[in-house]
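# Residue-level structural notes
Letter by letter, the chains look like this.
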Amino acid sequence: MSVSIRPVDPWDEHEMDVLQALYVEAHRAEVPDARVYSRADSVAFLRHSGHEVFYHAFVACQGDEILGQAWVVGNTTANAHLGDVWAWVPPRNGRRGIGTALARHGEDHLRQLGRRTAVTQTWIGDGSGGYRAFAERLGYTLAQTQVERRQPLPVPEPRLAALEAEAAEHAGAYGIRTVVGPIPDELAQGYCDVYNLLNLEMPTGELELEASRRTPDELVEQEEELRAAGRTRVTALALAADGSVVGYSCAVTGPADAPE
């Protein structure tokens, strides 16, 4: 079959509708309850791609019909040797070479950007699905395994109280400040300093990563992207006695159109 691959037009409302539907269908084919990005997220990513991170999306088409999509994502201020390639093709369009063509197109795009390593994420589950096998057929090797855990909300108050009491035993002189929305200016640099160390402190398997270089200005850009997607950041900051940021935990609320 003749398939063409072209860039996505994020200003084409109908095209963004089609992309969202195909993405959700493909992503939930093997994981029916998988959490998915919303249409508003995709629009914000592509229309507001900022200084720190770029998002480039491509579609595979037969005539006017869109059959699948690939995204290429990378950091522009650190780890310029690698980028992410994500490809989604619904099962009804599978077994036709579309996913392979999209993945290879994404890899070629990374090469044109001067990157030498392509990274992707896939669902392994119990090992019976086809995602990992597909990636390995394309030459990808497993570098790191993560575990997804979920906590239904709301958490019962007794459980929260017990967790808070347990944490208090280890908190020492640290205080907790909760922020809804943008990180305050006086804490932005400290937040970035902690964020930038995560690549070095967390397990990364066989991946070679350097420290990030996020700045308060880039944090503002990210906040604008979140706002465009209809999301709100909620952050719990751990502060030392002198007020400096020593750790944080972050959650982001979903927009109204985010599928459940």
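Residues numbered from 1 in each chain as written. Predicted model: local features only at pLDDT ≥ 70, side-chain atom pairs only at ≥ 80, totals over all residues. Heavy atoms only, no water.

Most of strand β3 (residues 65-75) sits out of view: ten of its eleven residues are buried. Strand direction decides the pairing type here: strand β2 (residues 53-62) and β3, joined by ten bridges, are antiparallel. Considered in β3, the bridge of Phe58 is made with Ala70. Counted along the chain from β2 to the antiparallel partner β3, the turn is two residues long, and its residue Gly63 has a positive phi close to 65°. Two strands pair when backbone bridges link them, and β3 and strand β4 (residues 82-88) are joined in this way by five bridges, in the antiparallel orientation. (Buried < 20%, exposed > 50% of the residue type's maximum accessible area, 1.4 Å probe, protein only. Helix = DSSP H or I, 4+ residues; strand = E, 2+ residues; numbered from the N terminus. Pairing = 2+ DSSP bridges.)

Below, the discussion takes up the packing of helix α1 (residues 13-27) against helix α2 (residues 39-47). Relative to each other, α1 and α2 sit at 125°, their axes nearing to 10 Å. Considered as vectors, α1 and α2 are oriented oblique to each other. Considering only the axes of α1 and α2, their crossing is right-handed. In contact with Glu13, Met16, Asp17 and Gln20 of α1, α2 contributes Arg39, Ser42, Val43, Leu46 and Arg47. In terms of residue class, the contact of α1 with α2 is built from three nonpolar, two polar and four charged. (Axes fitted to C-alpha atoms, helices over the stretch in contact; angles between N-to-C directions. Parallel < 35°, antiparallel > 145°, perpendicular 65-115°, else oblique. Left-handed = near helix turned anticlockwise from the far one by under 90°. Contact = heavy atoms within 4.5 Å. Nonpolar A, V, L, I, M, F, W, Y, C, P; charged D, E, K, R; others polar.)

Any functional reading would require information that these geometric values do not contain.
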